[in-house]
Protein chains: 4
Amino acid sequence: MGSIFGDIFRVATFGESHGMAIGCVIDGCPSGLALDVQDFVEDMARRAPGNSQYASKRKEPDNVEILSGVFEGMTTGAPIALLIYNRDQKSADYDDLARVFRAGHGDYTYIAKYGLRDHRGGGRASGRETSARVAAGVVAKKILAELGATATSHVAAIGRVEIADGEDFTQNKEAVAHLDDCIAAGDSIGSAVVCKINGLPTGIGVPVADKLSADLAKAMMSIGGAVGVEFGAGFASVARRGSENNDGFAWCDGKLVKTSNNAGGIMAGISDGAEIYMKIGFKPPSSIAMMQKTATIDGDNIEIAIKGRHDPVIAPRACAVVGAMAAIVVVNHVFGGLSDTMEKVKRLFVLG
Amino acid sequence: MGSIFGDIFRVATFGESHGMAIGCVIDGCPSGLALDVQDFVEDMARRAPGNSQYASKRKEPDNVEILSGVFEGMTTGAPIALLIYNRDQKSADYDDLARVFRAGHGDYTYIAKYGLRDHRGGGRASGRETSARVAAGVVAKKILAELGATATSHVAAIGRVEIADGEDFTQNKEAVAHLDDCIAAGDSIGSAVVCKINGLPTGIGVPVADKLSADLAKAMMSIGGAVGVEFGAGFASVARRGSENNDGFAWCDGKLVKTSNNAGGIMAGISDGAEIYMKIGFKPPSSIAMMQKTATIDGDNIEIAIKGRHDPVIAPRACAVVGAMAAIVVVNHVFGGLSDTMEKVKRLFVLG
Amino acid sequence: MGSIFGDIFRVATFGESHGMAIGCVIDGCPSGLALDVQDFVEDMARRAPGNSQYASKRKEPDNVEILSGVFEGMTTGAPIALLIYNRDQKSADYDDLARVFRAGHGDYTYIAKYGLRDHRGGGRASGRETSARVAAGVVAKKILAELGATATSHVAAIGRVEIADGEDFTQNKEAVAHLDDCIAAGDSIGSAVVCKINGLPTGIGVPVADKLSADLAKAMMSIGGAVGVEFGAGFASVARRGSENNDGFAWCDGKLVKTSNNAGGIMAGISDGAEIYMKIGFKPPSSIAMMQKTATIDGDNIEIAIKGRHDPVIAPRACAVVGAMAAIVVVNHVFGGLSDTMEKVKRLFVLG
Amino acid sequence: MGSIFGDIFRVATFGESHGMAIGCVIDGCPSGLALDVQDFVEDMARRAPGNSQYASKRKEPDNVEILSGVFEGMTTGAPIALLIYNRDQKSADYDDLARVFRAGHGDYTYIAKYGLRDHRGGGRASGRETSARVAAGVVAKKILAELGATATSHVAAIGRVEIADGEDFTQNKEAVAHLDDCIAAGDSIGSAVVCKINGLPTGIGVPVADKLSADLAKAMMSIGGAVGVEFGAGFASVARRGSENNDGFAWCDGKLVKTSNNAGGIMAGISDGAEIYMKIGFKPPSSIAMMQKTATIDGDNIEIAIKGRHDPVIAPRACAVVGAMAAIVVVNHVFGGLSDTMEKVKRLFVLG
C-alpha cells in the first residue's frame, strides 16, 4: 500500500511539493507507442497553477523529461520514468507553518502516522503530487486513443452553481461572480467535476472485487480534496423506483443498445458500451487567507491565516487529474481483459 | 484483477448463486484469534434473505463451515477457508431467463466479457456472492474488536425517506408506507446506507494511491447496486466555503481534537481519530415484477416481468455487507501501517 | 505474502494435513475452457501417497470437487474453487509429537512465527498441501494444452544415482537397490526432478524483476524439501568459458534456431523458443524411522524415531507438483504477455 | 509483472544502459531512517565497472541522487526516488550490433516479445540495470542494520577454482591465473557467489507460496547471468540420507540451537535463527572478444567478435547486487511478518 497505482499498467509516483522533483515510473506500458516530451505539454499546462485567474499564482513550467523506456520516439516495453523538476518553490513561505496543524490539511495525520513530515508546501500531501499522475495519464490517454477511446472531464459545479455539459465555467456569469466573492473574502469554495469515458467496447472490467466502477471510485477518491464519487444517476437513484431507473436493452438495426444510461456505462462492474459517466465532488480548498482557529504540535491553540499562493477552488485544475486517473484505470482494465476468454488467449498466442 | 480483496489481509471469494457453494479464503489473518462457527451466525443472518418482510423470501440458512486455518479454536496464521453450501436454489425459476438480457442486470456485460455465463439466479453477479464477504468480514471485525475498533452500518434512506442515525427503518412509518407502496406495485426502490468506523487511532491509512478513503470507496462501489459513495459532509461540501467546511484542531485537556468532522474522519488518506463516516447510495433492485422492455441474445425485443423471490430494496440486507467490507479494508490498512516508522519496526522486531 | 501464487492467473491455496479439507481458489482463469472432475484424476493419483512401494502407505483418494466457476462443463471466467476432503487421517499418530521440534521440520519455525501450530501431520507444512497445487496445475496444464504447450517432469536422481531422460527410475536397478537400502535402514534419501516446458513460442516472460526463470525458481523453491534449482547447464556453467557456453543463433530453412541450449530455453528472462529445462534438488525427507536427537518445546533434549507412514524419497511424488507449479507460472506469464505490444492490444481490442 | 520488486517494501526500477538515467522508486520505506547520498558510495563503487583489472574498463562514477522521500536527512515514509545519471556511454560502439542477435544475449528474446529494442549497450537487459538495485539495496541494508542484521556476499568460484569463505579471490593465485588465461584468450569464465544473511531472528518468512527461500531464489535468478541457486547444503543434499542431512535441535544454556545447518537457515520457508546461506551460479559473460557464430535480424548467419569494454567474469561485480537483492527480500519479509500474531498487532497498535 502506498503510491503505486494499478496491477498490470502500474504507475509508481514520487515527489514532494518543495523537494527536488516530482515524477513517476510506468511499468507495463506496451512497446510501439509513439511518445515524445511534446505529448505532455497540453495536459501538464491544464493542471499547472498560474494558468488562469482562478488558480494559484505559483509558476511551474512543469516540463516532463522522459528518462527511460523510449527509444527513437517509441516506447520499448521497458519502464518509462517521467521526471518533472520542481522550480519556483518558495519554501520560506512555509517556515512558520512547520509546527502548525493547518485546518483541513493532512499535517496532523502525517505526523500521527510517520512521526515527522516534510512541511514545505504540504510535502507529499500537496496537490503538486498530482502532476506525476497527469504525466502518467498522458501515456494512458495515448494508449486509449489508439483504441479509439477517450477520457474527458469538465468542471460541473462551482459551489452551488452547476455548470452544464459543454459549458466553460469561466463563461458562466453566476459561477464567476460566486468565485469572485469567495476570493474577495479570502475564502475558498467547493466544486465538482464530471468525467466521461467514451469509445470503450462492452466487456471492459471485472466482476466482484475489482469492478471497473470500484477501481474508478478508488482512483477518484485518491485525488486530494475529493469528498465523494457517483456513477450515472448516482445518488439521485436513491429516490427512484426500479421501473424508472432500470436500463433496458433494445435491438436497433442489428445492434444491441441500452435504452437509458442511469448506470453510467458500467453494469456489474463491466463496461456496457454506453458512455461511462461519473461525478466527483471536491471540498473547498483548505488553505484560505481568512483567519482560522487551529492548533500547533506544541500544544497551543492558535489563529492563523494561510499566506502564499493558493487555489480558491479545486475543480478547474483537478479536471486534468480526473481524466488522467480515469485513463490509467481503464488501460489497466483493458490489459487485464485480454485473457478473458480462451478464444482471445489462443488468437493472440497463435498470431504471436 | 478479479475476486481478491486486499494486499496483506487478503480475501479471495468464489461461488455462484445456484452453484454448489459460496465461500472465501482469507490469507494473512494473524494467529491467536479465537474463531468459531458460532461467530458467523449473527452477521450471516443479517445479510440472509427471508429475515424480514422486506427481503426476498428465499430461505438460506447460510451456515459457515471453517475448513482450515483454525486449530483448537484459534487461528493459526494459515489461510482460513470458509464455506457456505447453497441450498434451496430453485434454478428452474431462471430457465426462461437464460437468453434474456434483464434490464439493469449484468447479463449482457458478462456475455460481452466472457462469451458465456451461468444464468442461474444471476450466477456470479448475484447478491448471494456477498455472503462470502460477510463471512470474511466477521473475521475482520473480530480483529478490530481486539483493537477496540468497530465498523457499524444502518439504513440511511428508503427511497426519498431519510432514516436518522439510531432509528430502525422498520419503525419509520413513512419509510414503511413508501416501501409497501413499491411492493404492492411490483416495483422496487432505491436506498442508502451509512457506515461508521469508530475506535481507530489516528494514523491508519496511506497517502496518495491507496488512501484509506480511496480503498473504502472501492470496497463500497464493489457491492452490487452501489451507485455512489461520499465521506463526511460529502457532496454537500461542494456548495460550501472553506471557512465553514475546514476541520480545525484544538487542544482540550491535553488531547488534540478536531473541532468538526466534515472530512468524515480521514484527512489526506489517513485516519484522523474522529469517527469515519461514509454514505453509500444504492439503486432500486433491478428485478421487479412489473413488465419491462428489454432484449434477448437472439435479437428479439421483448417485455418481461421477473418472477421469483426478489428484494424490493437493497439497503436493509446490504448493511451487513457494507460493515464487512469496511472492516476488511481497515484491517488491511492496520496491518500495512505496522511498518510505518523505524521505531515501530524495531520495537516489534526486538520483542519478537 | 502467504499462500497465493501469481498475479493474473492467481491460485489461493488452503488446508492442513489433518484438517477438514485441502483446496484452492483459482482467480483469473479464462472462460471457455472445458473442465471436469475427471480431468484431475491422473495428476492427483501421481502425487497421491500409496501409489507405489516407494511412497507413504497412507491412502488418500484425493477426489477433486469443483465448487464454482464451471457451468455446463465450461469455465465461466469466475473463480474456480477446488476442494479435496481429507480422509484416512490418523491424527493420533501425531499426538506425542505435539511438543517436539522434529529434526529437519518446520515445527520450530512455525512456533517462532505464529506462537502456536496445528501439529497434526505437519499441519500446513505437510506435503499434503501440495495436492491443492496439483489440482490448480491441472487447470493450468489444460490451458497450456490448448496453446500447444506442455510442462512435464521426471525423476532425475535417486540419491547418487542419476536417472536418464525417458528412463523410469523404478526400472533402474541401481536406483532401486539404493532406495531399498535406505528403506531397510529406516532412513531416507535425497533426489532430483527435471522439468521441461515445450511448445512455448519465443517471447514469454518479462525482463528484470519477474523474469520467467525467476518466477519458475520461486515456484520450485516453494515446494517443500526443495534445496536448489538450476536452469539449462546450470551450475556446470560456472566452470565453463563463454566460448563454449554461449548459445548462438542460426537461420535454418528460414527459421531462426539456437545452436545450443545451455541457457535452458530462457534468455534475459524471456523464453527463446527452445525447450525450457530446469532441475530441482530435493533433500532426503526429514521423517525417518531411525533414532534422531532433537529437542522439545519444554526444554528437553530427546531422541525420537518418527512413526507413521512416510515417504523415503521426495522426487517420485514431487514430479506432479513440479509440473503443476511450472504450468501455473507459465500461464501467468502468457497472460501477462498479451499486452506486450500496442499491436497485440489493438488486435484483440478490435476483434473484441 | 515487470520491473517492480516486493509487496510491502517495493522497489520499482527503470533505465537502460545508454539512456539518460538509471534509477528506482522505493515505496514502503518506514520514516525515521537516516539516509544520505554518502550512504550509497561504497556499494555503488563495489558494483561499478572499472573498479579492478577484472572488470569492464567503462568509467561510471554512479553518483546516486535522492530526489524525494528524505527531509532533513531522514526518510519521511514517502516514496524514495533514487537517480543515477548515465555518463561515459559510447553508444557508437554498439551501432553495428543493432541488427545482430548476439550469442547468449537477450537481443532476440526482446525483439520476439516487444517487436523492437533499444540496442545500445544491451538497453534494459544490460548489467547496468543492476545499479538501481544496488542503490535500493543500500536502503534495505540500512534498515537491516538497525535491526542488527546483515546481508553479505563474496566470490565463491572463478571458473573451476573455488574460493574459500573469507578469502579475497584476487589473492588466490590459481583463480587469478585462470582468469588471466581467459582474458588473454579474449574469452570469459563462469563464477559463483555465496550470500549470507546473519542476525535475523527466528520466524521471518511465510509458508507455502512466498517462502523466504522462494523469494530469495527469485531475487537471485532475476540477476542477469544467474544460472542456479541453492540453499545450505544445496544440491549436495541430493546424494545424502536423511540421517546425515537432518538439522536437529538442542537446548544449550537455555537457548534452542540447531545442531547443524544443512537447510541454510530456512526451514519450511521461515528463518530458523541460523545463518541463511545460499550460493548463486553465474554463467560466463556472453560478450567475448573471440569470434562467434550467430545470426542477424535480416536472415544472415554471421561471425562476430564483440568489441567494447566487457567483464570477463560476473561474480566480482555481482556480489554487490546479490547482497542488495537479499536485503530487499528480507526487509519485505520482516515488514510482512509484523502482523503474524494478534499479540504483535495489538502491541504495536496500542503503543501507536
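Structure: above.
A short tour of the structure in this document, coming up. (Residues numbered from 1 in each chain as written. Chains lettered and ligands numbered in written order. Predicted model: local features only at pLDDT ≥ 70, side-chain atom pairs only at ≥ 80, totals over all residues. Heavy atoms only, no water.)

A word on the overall build of chain A. Assigned secondary structure in chain A consists of eight helices and 19 strands. Computed over C-alpha atoms, the radius of gyration of chain A comes to 21 Å, within 12% of the 20 Å expected from 2.2 N^0.38 for 352 residues, which places it in the range of a compact globule. Overall, the C-alpha framework of chain A stretches about 65 × 50 × 40 Å when taken along its three principal axes. The buried share of chain A, reckoned over its 352 residues, is 68%. In chain A, the proportion of contacts linking residues at least 24 apart, taken out of those at least 6 apart, comes to 70%. Total accessible area computed for chain A in this model is approximately 10,900 Å², and 50% of it derives from carbon and sulfur atoms. Of note, chain A has its 36 positive side-chain charges centred 2 Å away from the centre of its 41 negative side-chain charges. (Helix = DSSP H or I, 4+ residues; strand = E, 2+ residues; numbered from the N terminus. Rg over C-alpha atoms; globule rule 2.2 N^0.38 Å. Buried < 20%, exposed > 50% of the residue type's maximum accessible area, 1.4 Å probe, protein only. Contact = heavy atoms within 4.5 Å. Areas by Shrake-Rupley, 256 points an atom, 1.4 Å probe, with all protein chains shown as cover. Lys, Arg positive; Asp, Glu negative; His and termini not counted. Charge placed at Lys NZ, Arg CZ, Asp CG, Glu CD.)

On the side of chain A, 105 residues touch chain B, which itself brings 105 residues to the contact. In terms of surface lost to chain A, no three residues of chain B exceed M1, K113 and W251 of chain B, which account for 11% of the buried area on that side. Linking chain B with chain A are six salt bridges, by the criterion used here. The shortest N-O distance in the salt bridge between K218 of chain A and D215 of chain B comes to 2.7 Å. Across the chain B-chain A interface, the total number found is 45 residue pairs in polar contact (both at pLDDT 80 or more). For the side of chain B that touches chain A, a count of residues per class yields 44 nonpolar, 38 polar and 23 charged. (Buried area = accessible area lost by both parts, 1.4 Å probe. Salt bridge = Lys/Arg side-chain N within 4 Å of Asp/Glu carboxyl O. Polar contact = N/O pair within 3.5 Å; in protein donor to acceptor, adjacent residues only side chain to side chain. Nonpolar A, V, L, I, M, F, W, Y, C, P; charged D, E, K, R; others polar.)

In this section: the packing of helix α3 (residues 130–146) of chain B against helix α7 (residues 315–336) of chain B. Residue and element names in this part refer to chain B. Closest axis-to-axis distance for the α3/α7 pair is 7 Å, and the angle between their directions is 50°. Between α3 and α7, the crossing angle belongs to the class labelled oblique. Note on packing geometry: the crossing formed by α3 with α7 is left-handed. Where α3 abuts α7, its residues T130, R133, V134, A136, G137, A140, K141, I143 and L144 lie against A320, V321, A324, M325, A327, I328, V330, V331 and F335. Along the lines of polarity and charge, the residues of the contact of α3 with α7 split into 14 nonpolar, two polar and two charged. (Axes fitted to C-alpha atoms, helices over the stretch in contact; angles between N-to-C directions. Parallel < 35°, antiparallel > 145°, perpendicular 65-115°, else oblique. Left-handed = near helix turned anticlockwise from the far one by under 90°.)

Right, let's talk about the relation of the copies chain A and chain C for a bit. With an RMSD of 0.0 Å, the fit of chain A onto chain C corresponds to turning through 180° and sliding 0.0 Å along the axis. Put plainly, the chains are arranged around a two-fold axis. Ranked by how close their C-alpha atoms come to the rotation axis, the residues of chain A are headed by L338 of chain A, at 3.2 Å. Interface overlap between copies is the fraction of interface residues in one copy that are interface residues in the other; for chain A against chain C it reaches 100%, indicating a shared surface. (Least-squares fit on C-alpha atoms with pLDDT ≥ 70 in both.)

Quick look at the packing of aromatic side chains now. One pass over the full model with this rule turns up 22 aromatic pairs over all chains. Here the aromatic cluster, defined as three or more aromatic residues joined through ring pairs, consists of F101 and Y108 of chain A together with F249 of chain B. (Phe/Tyr/Trp six-rings, centres within 6.5 Å; stacked < 30°, edge-to-face > 60°.)

The partner chain C presents 28 residues to the 28 residues of chain A that form the contact. Interface area, chain A with chain C, both sides summed: about 2,600 Å², of which 73% is carbon and sulfur. By the criterion of area lost to chain C, the three top residues of chain A are M342, L348 and F349 of chain A, representing 28% of everything that side buries. Put simply, chain A and chain C have two salt bridges between them.

Bringing the environment of D340 of chain A into the picture now. Along the chain, the position of D340 of chain A falls in the loop between α7 (315–336) and α8 (342–351). For the pair formed by D340 of chain A and F101 of chain A, sequence separation is 239 residues and the distance between their alpha carbons is 48 Å. Those residues within four positions of D340 of chain A in sequence are excluded, and the remaining contacts are G203 of chain A, K113 and Y114 of chain B together with P30 and S31 of chain C. Of note is the side chain of D340 of chain A, whose polar atom sits 2.7 Å from the side chain of K113 of chain B.

Okay, the pairing of strand β7 (residues 80–85) of chain D next. All names here are of chain D. Of all six residues in β7, six are buried; the element is thus mostly enclosed. The side-chain alternation of β7 yields two buried faces, one formed by I80, L82 and I84 and the other by A81, L83 and Y85. Bridging between strand β3 (residues 21–27) and β7 involves six bridges; their strand directions are antiparallel. By the bridge assignment for β7, A21 is matched with Y85. By the bridge criterion, two bridges tie strand β4 (residues 65–66) to β7 in an arrangement that is antiparallel. Bridged to E65 within β7 is L83. (Pairing = 2+ DSSP bridges.)

Superposition record for chain B on chain A: RMSD 0.0 Å, screw rotation 180°, translation along axis 0.0 Å. When the interface residues of chain B are mapped onto chain A, 100% of them are again interface residues, pointing to one common binding face.

This paragraph deals with helix α4 (residues 173–184) of chain D. Residue and element names in this part refer to chain D. Look at α4: 16 Å from first C-alpha to last across 12 residues, which is about the 16 Å you get at 1.5 Å a residue. Listing the buried residues of α4 in full gives A175, V176, H178, L179 and C182. Considered in projection along α4, the buried side chains sweep an arc of 160° and stay on one side of the axis. Across α4 from its buried face, at more than 90 degrees, point the exposed residues K173 and A184. Looking at the buried residues of α4, the elements they touch are β9 (150–158) and β10 (161–162). For α4, the N-terminal cap is N172; the gap from its side-chain oxygen to the backbone nitrogen of E174 is 3.0 Å. Among the residues trailing α4, G186 stands out with phi positive, at a value near 70°. (Expected span 1.5 Å × (residues − 1). Arc of directions from axis to C-beta.)

All names here are of chain C. The strand order across the open sheet formed by five strands is β1-β2-β3-β7-β4, and the pairing between neighbours is antiparallel. Because the sheet does not close on itself, it has two edges, and the strands there are β1 (4–5) and β4 (65–66). Here five bridges tie strand β2 (residues 10–14) to strand β3 (residues 21–27), and the two strands are oriented antiparallel to one another. What sits directly across from T13, in β3, is C24.

All names here are of chain B. Across four bridges, strand β18 (residues 292–296) lies against strand β19 (residues 301–304) in antiparallel orientation. Opposite Q292, over in β19, you have I304 as the bridge partner. Counted along the chain from β18 to the antiparallel partner β19, the turn is four residues long, and its residue G299 has a positive phi close to 100°.

Moving on to the environment of V345 of chain D. Of note, V345 of chain D is situated in helix α8 (residues 342–351). Its relative accessible area of 0% is what places V345 of chain D among the buried residues. The spatial distance from the C-alpha of V345 of chain D to the C-alpha of V25 of chain D is 28 Å, given a sequence separation of 320 residues. Ignoring any residue separated from it by four or fewer positions in sequence, one finds V345 of chain D in contact with P30, L147, V334, F335 and L338 of chain B together with L338 and S339 of chain D.

All names here are of chain D. Mapped onto the fold, D107 is located in helix α2 (residues 107–114). Owing to a relative accessible area of 3%, D107 belongs among the buried residues under this scheme. In contact with D107, not counting residues within four places along its chain, are V100, F101, R102 and R117.

Strand order in this open sheet of 10 strands is β10(A)-β9(A)-β11(A)-β17(A)-β12(A)-β12(B)-β17(B)-β11(B)-β9(B)-β10(B), and the pairing throughout is antiparallel. Unpaired on one side and paired on the other, β10 (161–162) of chain A together with β10 (161–162) of chain B mark the two borders of the sheet. As paired elements, strand β12 (residues 226–231) of chain A and strand β17 (residues 276–282) of chain A share five bridges and run antiparallel to each other. In the strand pairing of β17 of chain A, A226 of chain A is matched with F282 of chain A. This element, helix α5 (residues 212–221) of chain B, spans β12 of chain A together with β11 (191–198), β12 (226–231) and β17 (276–282) of chain B of the sheet and lies at about 155° to β12 of chain B.

All names here are of chain A. This structure, assessed with the given rule, holds 84 salt bridges over all chains. We note a salt bridge from R47 to D62, for which the minimum N-O separation is 3.6 Å. Here R47 is found in helix α1 (residues 41–47), whereas its partner D62 is found in the loop between α1 and β4 (65–66), with 15 residues between them in sequence. Each member of the pair R47 and D62 is classed as buried. Across the pair R128 and D62 runs a salt bridge, and its minimum N-O distance is 2.9 Å. Here the residue R128 occupies a position in the loop between α2 (107–114) and α3 (130–146), and D62 occupies one in the loop between α1 and β4, the gap between them amounting to 66 residues. Taking the relative accessible area as the measure of exposure, D62 reaches 4% and is therefore buried. Among the charged side chains, a network of salt bridges with common partners joins R47, D62 and R128.

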